[in-house]
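Listed here are the chains, written in short residue letters.
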Amino acid sequence: MSSAAVLTRNQNLPFQHCFFVFFFSQTHRPKLIFPAITLHFPSVFNCETMGSLSPSINPRLVLQANSYDPLSFRRVFGASLTGQPARPDMTAVCKRSRRIVYAKKNSDEDIANCDPEWKSKFKEDFEKRFNIPHISDFFPDAAPYPSTFCLSMRTPVNEEFAEGYPSDEEWYGYINNDDRVLLKVIRYSSRSSAGAECIDPDCSWVEQWIHRAGPREKIYFKPENVKAAIVTCGGLCPGLNDVIRQIVITLEIYGVKKIVGIPFGYRGFGKDIAEIPLSRKVVQNVHLSGGSLLGVSRGGPTLDEIDREINMLFVLGGNGTHAGANSIHNECIKRGLKVAVVGVPKTIDNDILHMDKTFGFDTAVEEAQRAINAAYIEAHSAYRGIGIVKLMGRSSGFIAMQASLASGQIDICLIPEVPFELHGSHGVLNHLNYLLKTKGSAVICVAEGAGQSFLEKTNAKDASGNVVLGDIGVHIQHEVKKYFKEMGNSADVKYIDPTYMIRACRANASDGILCTVLGQNAVHGAFAGYSGITVGICNNHYVYLPITEVISYPKIVDQNSRMWHRCLTSTGQPDFF
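A short tour of the structure in this document, coming up.

Cut-offs used in this document
- Residues numbered from 1 in each chain as written.
- Predicted model: local features only at pLDDT ≥ 70, side-chain atom pairs only at ≥ 80, totals over all residues.
- Heavy atoms only, no water.
- Helix = DSSP H or I, 4+ residues; strand = E, 2+ residues; numbered from the N terminus.
- Expected span 1.5 Å × (residues − 1).
- Buried < 20%, exposed > 50% of the residue type's maximum accessible area, 1.4 Å probe, protein only.
- Contact = heavy atoms within 4.5 Å.
- Salt bridge = Lys/Arg side-chain N within 4 Å of Asp/Glu carboxyl O.
- Pairing = 2+ DSSP bridges.
- Right-handed = clockwise from strand over helix to strand, strands pointing away.
- Core = buried A, V, L, I, M, F, W, Y, C linked by side-chain atoms within 4.5 Å.
- Axes fitted to C-alpha atoms, helices over the stretch in contact; angles between N-to-C directions.
- Parallel < 35°, antiparallel > 145°, perpendicular 65-115°, else oblique.
- Left-handed = near helix turned anticlockwise from the far one by under 90°.
- Nonpolar A, V, L, I, M, F, W, Y, C, P; charged D, E, K, R; others polar.

Here we take up helix α8 (residues 319–335). The first and last C-alpha atoms of α8 sit 24 Å apart over 17 residues, in line with the 24 Å expected at 1.5 Å per residue. If you check which residues of α8 are buried, you get N319, T321, H322, A323, A325, N326, I328, H329, E331 and C332. Where α8 is buried, its residues meet α5 (135–138), β12 (312–317), β13 (340–345), β18 (533–538) and α15 (547–550). In the segment just after α8, G336 is the residue with positive phi, at about 75 degrees.

Below is the structure:
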């Protein structure tokens, strides 16, 4: 395997208009895979700000610099002009295969000649982008108070503490504001290393630090003046009730008395929908069942229609929901409102940037085993049996990949990031025929966003602005039956779609722990005065990240990653193209 960066520039421009990008190719020969995409940069995007052109997570496009077109820039990097994070065109993104190649248009020495101080400028730009917004940035007169959160003293805060808030200087449970966590922990020595993420052709090591999550010694809200609200948006996901429960419990430990839930996602901000009062008594056992105590929905009112007297808002949702949370954060600043807006990443697809995983993902992988095992038993018990299981994953195949690895019963795993053909000598159907001849049965696991190029495209979108996908599972089922019928030797095909059964599950133990810590840290972040942030887990440590960074584009499976290679080793499948 070979991997590297691409250094490209327009020959008609001075050399300072240079940047690094990465792309995939099947062979060692340089290959331009996005000839239709031309990206134009203004003078601000040059070597003096090179860091901003080297995103920390897997940039995958080959771009050229001629003149600036903001719409093209937004489409490529994933943030739409409307604030909704644009999902990548997977048809284009998937036109690559497993090797990363270094296209050498200029010599490596040109990079050093570009700006010898690029490392320090990259680091400076990174720190600026990942600096998390704070209340004091917008309200300089915001005064800090000693924290009311101290586990050495668990008595509730009440009027007896009129002279000030209790603080235990001997308790060493607070996080220092300067504590940081490394975003990247692997130092790749070569571009040819599997999964290498390099910011230059030499794979130079530049430390990238992000903010550690947890309770601070100083808080910026008086608990008795706080009215906190919780909202759950998008689709259902295991663990929603667990997060709601922990947010409420932690708020009460701080001393907050006014806690409400906004029903049915952002729609609940409408004037005709009443808030739901929340307390520890209300949420005590809510984590024992799936779904959401508050309900979910997609879409909602405009910012101008939102008028609630709250000063802490906790938003549970995915990329689109976080884009909405960031808009609310910006609107509060615009209106001069001291409101902490904190996100908790909820996406069963596990497609949010910079995070090890999002809550609900482990449960989804575990529950998918039931469907895969059922498909395997059906296929294995039938004469020339084929089982097909469709799992969640609009633009990323993490669930299908991990579920295939966990089960050990999958022969073919199809995900949105990896192109494949159904017909032909290298197609899925031909390999199925081989499996039936050699094994007598086969099981396919396919992510819902895979193979959309085979389906009739529509302009239909859901309330969140997502394109309504065609049913690839039904399509494969039809094509398999048709293929073997035309061969004169039919196959017994069983199709299982457990999507909604998985979404409605109660969180398992792993997700339960993750939800607990995320909910607690969300409250700690809000009281610490941070807003426009989300909380997540990175390299097994809990961190705060600016919403703008995590919604820039969805995280997808890297075809050159060790995890995808492990999946291929497990299934034994060839390349289907």
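Next up on the list: the pattern of salt bridges. One pass over the structure, following the stated rule, counts 13 salt bridges. In this structure, the salt-bridge partner of D125 is R129, at a minimum N-O distance of 3.2 Å. Of the two residues, D125 and R129 both sit in helix α4 (residues 118–129), four residues apart, roughly one turn of that helix. Of the two residues, D125 and R129, neither departs from the other in class, the shared state being buried. Residue R129 pairs with E549 through a salt bridge whose shortest N-O separation is 2.9 Å. Of this pair, R129 sits in helix α4 while E549 sits in helix α15, and the two are 420 residues apart along the sequence. The residues R129 and E549 share a single accessibility class, namely buried.

On to the sheet that holds strand β9 (residues 227–232), then. Taken in spatial order, the nine strands make up an open sheet running β6-β7-β19-β18-β13-β12-β9-β10-β11, and their pairing is mixed. Taken across any chain shown, the strands that pair with only one partner, and hence form the sheet edges, are β6 (180–182) and β11 (276–277). Taken together, the six bridges between β18 and strand β19 (residues 541–546) define a ladder with antiparallel strand orientation. By the bridge assignment, V535 is partnered in β19 with Y544.

The buried fraction of strand β10 (residues 258–262) is high, at four of five residues. Note that β9 and β10 share five bridges and pair parallel. Residue pairing for β10: K227 is matched across the bridge by K258. Read from β9 through helix α6 (residues 240–254) to β10, the crossover connection turns out right-handed. As paired strands, β10 and β11 are joined by two bridges and run antiparallel to one another. Bridge pairing in β11 links G261 to I276.

With that settled, consider the nonpolar core. The nonpolar side chains of a soluble globular protein tend to be buried with one another. Within the largest apolar cluster, 78 residues are counted, with the highest numbers of intra-cluster contacts made by I230, L251, M312, F314, F359, F527 and W564. With eight residues, the top contributor of residues to this core is helix α9 (residues 361–381). Setting aside chain neighbours within four positions, we find F527 in contact with K218, I219, Y220, F221, P223, V226, L251, Y254, V256 and M312. The next biggest cluster of nonpolar side chains, apart from the first, holds 30 residues, and it includes F126, C233, I310 and A323.

One non-glycine residue, H354, lies in the positive phi region at around 70 degrees. Within the element layout of this structure, H354 appears in the loop between β13 and α9. For H354, a relative accessible area of 8% gives the class buried. A positive phi angle is found at N540, which is not glycine, with a value near 70 degrees.

Another aspect to go through is the environment of Y254. Looking at the secondary structure, you find Y254 in helix α6. The buried category is assigned to Y254, whose relative accessible area is 0%. Considered as a pair, Y254 and S147 are 107 residues apart in the sequence and their alpha carbons are 8.0 Å apart.

Okay, the pairing of β18 next. Taken across its six residues, β18 has six buried, putting it largely inside the fold. Here β18 shows a buried face lined by I533, V535 and I537 and a second buried face lined by T534, G536 and C538. Relative to β18, β13 is paired through two bridges, and the arrangement is parallel. By the bridge assignment, G343 is partnered in β18 with T534. Linking two consecutive strands that pair antiparallel, namely β18 and β19, is a turn of two residues; a positive phi of about 55 degrees is found at N539 within it.

Spatially, the four strands line up as an open sheet ordered β15-β16-β14-β17, and their pairing is parallel. Either end of the sheet is taken by a strand with one partner, and the two such strands are β15 (412–414) and β17 (492–496). Averaged over neighbouring strand pairs, the angle between their axes works out to 15 degrees when direction is ignored. Where strand β14 (residues 385–391) lies against β17, five bridges are found, and the strand directions are parallel. Bridge pairing in β17 places I388 opposite Y495. In the packing of helix α11 (residues 428–438) onto the sheet, the strands contacted are β14, β15 and β16 (441–447), and the crossing angle to β16 comes to about 150 degrees.

What follows covers the packing of α9 against helix α10 (residues 398–407). Angle between the axes and distance between the axes are the two parameters that describe a pair of packed helices. Between α9 and α10, whose axes approach to 9 Å, the crossing angle comes to 60 degrees. On the basis of their axis angle, the class for α9 and α10 is oblique. Regarding α9 and α10, the two cross each other, and that crossing is right-handed. Contacts between α9 and α10 involve F361, A364, V365, A368, Q369 and I372 from the former and F398, I399, Q402, A403, A406 and S407 from the latter. In terms of residue class, the contact of α9 with α10 is made up of nine nonpolar, three polar and no charged.

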